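# A structural walkthrough
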Amino acid sequence: MNSNLKIKVTVADRVYPLTIRDAREEEGIRKAVKQINEMVKQFEQNYEVRDKQDVLAMCALQLASQKEVKNVNESQDSKEIESKLLELSQLLDSHLA
């Protein structure tokens, strides 16, 4: 059964109709909209940017770069964990042999 829901969100003073799969998805979308609108407000207060498109581009760049930095950090953490597990495995093998 398809339970599509129609909602409206306001991003940078423009209303966008969205169709979502279920109510659980709505919470994530509303949080994202709130974050974007807060960033827009911050950029408008801190910089003399009059064009909403420029502000939205700056928001997109900031959000994308935050995601990429997180991915790089997680990748590095995974490599370090894998290395430590390999060391531990080799240590156990040497003691059990």
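Starting afresh in each chain, residues are numbered from 1 along the sequence in its written order. Since the coordinates come from a predicted model, pLDDT governs what is reported: local features require at least 70, and pairs of side-chain atoms require 80 or more to be given and counted, while whole-chain, interface and lining totals use all residues. Think of the side-chain values as coming from all heavy atoms in the structure, minus any hydrogens and water.

Attention shifts here to the environment of leucine 18. Position of leucine 18 among the secondary structure elements: in strand E2 (residues 14-20). On a C-alpha basis, the gap between leucine 18 and lysine 6 in space is 5.7 Å, while along the polypeptide they are 12 residues apart. Any two residues having at least one pair of non-hydrogen atoms within 4.5 Å are treated as being in contact. Ignoring sequence-local partners within four residues, the contact set of leucine 18 consists of Leu5, Lys6, Ile7, Val9 and Ile29. The helix count covers DSSP runs of H or I at least four residues long, the strand count covers runs of E at least two residues long, and both are numbered beginning at the N terminus.

As a further point, take a nonpolar patch on the surface. Together, Ile81, Leu85, Leu88, Leu91, Leu92 and Leu96 make up an exposed nonpolar region whose accessible area comes to about 630 Å². Assignment of secondary structure puts leucine 92 in helix H2 (residues 52-96). The cut-offs for exposure are 20% and 50% of the maximum accessible area for each residue type, with area from a 1.4 Å probe on protein chains only; residues under the lower value are buried, those over the upper are exposed, and the others partly exposed. Under the relative-accessibility criterion, leucine 92 is labelled partly exposed at 48%. Each patch is built from salt-bridge-free residues with over 30% relative accessible area, joining like charges within 9 Å and nonpolar side chains (Val, Leu, Ile, Met, Phe, Trp, Tyr) within 5 Å. Surface exposure here means Shrake-Rupley accessible area, sampled with a 1.4 Å probe, where a residue is shielded only by the protein chains that are shown. The salt bridge criterion pairs a side-chain nitrogen of Lys or Arg with a carboxyl oxygen of Asp or Glu, the two atoms within 4 Å.

Glancing now at unusual backbone geometry. Phi at alanine 12 takes a positive value of approximately 50°, unusual for a residue other than glycine. Residues other than glycine seldom take positive phi values, yet aspartate 13 does so here, at roughly 70°. Take aspartate 13: it is sitting in the loop between strand E1 (5-11) and E2. Exposure remark for aspartate 13: the relative accessible area of 65% places this residue in the exposed category.

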